[in-house]
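Chain and residue survey
Here is how the chains run, residue by residue.
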Amino acid sequence: MSPSHVLEPTYERLKRELLDGRWPQGTRLEAARIADDYSVSMTPVRDCLNRLTGEGLILSVPGEGFRVPRMAEKELRDLLELNLVLLNLALARSLRPGLPPRNLPEHTAGPESIDDLFTIVGSAADNAALAHVIRRISERLSAVRRIEERVVPEAREEFRKIRSLFMSGDPHLTRALRRYHMRRIRRAGDLVAALPLE
């Protein structure tokens, strides 16, 4: 195992670059090349690749090494459906008597992205496992969210509306979340086709 002072920064950088789309779907991730690029040994890179495999952000293919997974249309639909169910559960739990209605960040501007918003909604339920799964789904959907405005031109306005409903505690939020997710489920084929490939 690599020392934490090397492992954690390597992991954070690798994960950030994955989520930011540095490597398109299907790209083979070569530990030696990444280690050279990051100026670290291969051991922490391999440790990080294995950790990210456990998180579902990378595939480990026997005989081939590590790859950025490709998103299939059915997988996208399944993730969107699950995300909607979990967000509704989180919202329902956050409104129980005795719990604060929302777990808003300290700054007043509110969440800057749909991923931030969904993470806050998940955290508001006061259920660490639920928040964790919602965050993992957002990470897996990061590639789709980077390109969705090409397929769903109203995506930015949808986010603004959902954020506004959330920030004001409006009960129409659940309906807006359903519309958001159903629009993407219907366009799943187009979204997957727009994803960059190796």
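For the structure, see preceding data.
Quick notes on the rules
- What you see as residue numbers is a count from 1 along each chain, following the sequence as written.
- Since the coordinates come from a predicted model, pLDDT governs what is reported: local features require at least 70, and pairs of side-chain atoms require 80 or more to be given and counted, while whole-chain, interface and lining totals use all residues.
- Hydrogens and water molecules were not included; the side-chain quantities draw on all heavy atoms of the structure.
- Elements are defined by DSSP. Helices are runs of H or I of four residues or more, strands are runs of E of two residues or more, and each kind is numbered from the N terminus.
- In this treatment the radius of gyration is a C-alpha quantity, and the globule benchmark scales as 2.2 Å times the residue count to the 0.38 power.
- Three labels apply to residues, based on accessible area from a 1.4 Å probe with only protein chains included: buried if under 20% of the type maximum, exposed if over 50%, partly exposed otherwise in between.
- Convention adopted: a line fitted to C-alpha atoms gives each axis, helices being fitted over their contacting stretch, and angles between N-to-C directions are expressed from 0 to 180 degrees.
- Any angle between 65 and 115 degrees counts as roughly perpendicular, while under 35 counts as roughly parallel, over 145 as roughly antiparallel, and the rest as oblique.
- Note on convention: the crossing is left-handed when the near helix lies turned anticlockwise from the far helix by less than a right angle, right-handed when the turn is clockwise.
- Throughout, a residue-residue contact means that at least one pair of heavy atoms, one from each residue, lies within 4.5 Å.
- In this classification, Asp, Glu, Lys and Arg are treated as charged, Ala, Val, Leu, Ile, Met, Phe, Trp, Tyr, Cys and Pro as nonpolar, and every other residue, Gly included, as polar.
- Pairing between strands requires that DSSP locate at least two bridges from one strand to the other.

With that settled, consider the overall build of the protein chain. Each helix and strand in the protein chain was counted, giving ten helices and three strands. Ordered by position in the sequence, the α and β elements of the protein chain form the string α-β-α-α-β-β-α-α-α-α-α-α-α. Its C-alpha atoms give the protein chain a radius of gyration of 18 Å, within 12% of the compact-globule value 16 Å for 198 residues. Expressed as lengths along the three principal axes of its C-alpha atoms, the size of the protein chain is roughly 50 × 40 × 25 Å.

Tracing the backbone through its elements, the reader meets Gly-21 in the loop between α1 (4-19) and β1 (28-29). Among the residues examined, Gly-21 registers a relative accessible area of 27% and is labelled partly exposed.

With that settled, the discussion passes to the packing of helix α8 (residues 155-168) against helix α9 (residues 173-186). Direction vectors running N to C along α8 and α9 enclose 155°, while the axes themselves pass 9 Å from each other. The angle between the axes of α8 and α9 places the two elements in the roughly antiparallel class. By crossing handedness, the relation of α8 to α9 is classed as left-handed. Contacts between α8 and α9 pair Ala-155, Glu-158, Lys-161, Ile-162, Leu-165 and Phe-166 from the former with Leu-173, Ala-176, Leu-177, Arg-179, Tyr-180, Arg-183 and Arg-184 from the latter. A breakdown of the residues in the contact of α8 with α9 according to their chemical character gives eight nonpolar, no polar and five charged.

Spatial strand order, β1-β3-β2: three strands in an open sheet with antiparallel pairing. One side of each edge strand has no neighbouring strand; the edge strands of this open sheet are β1 and β2 (59-61). Of the strand pairs in this sheet, β2 and strand β3 (residues 65-67) are connected by three bridges, and their pairing is antiparallel. If you follow Val-61 over to β3, its bridge partner there is Gly-65. Along the sheet, helix α3 (residues 42-54) contacts β1, β2 and β3; its crossing angle with β3, the most-contacted strand, is approximately 55°.

Geometric descriptors of this kind do not, in isolation, establish any biological role.
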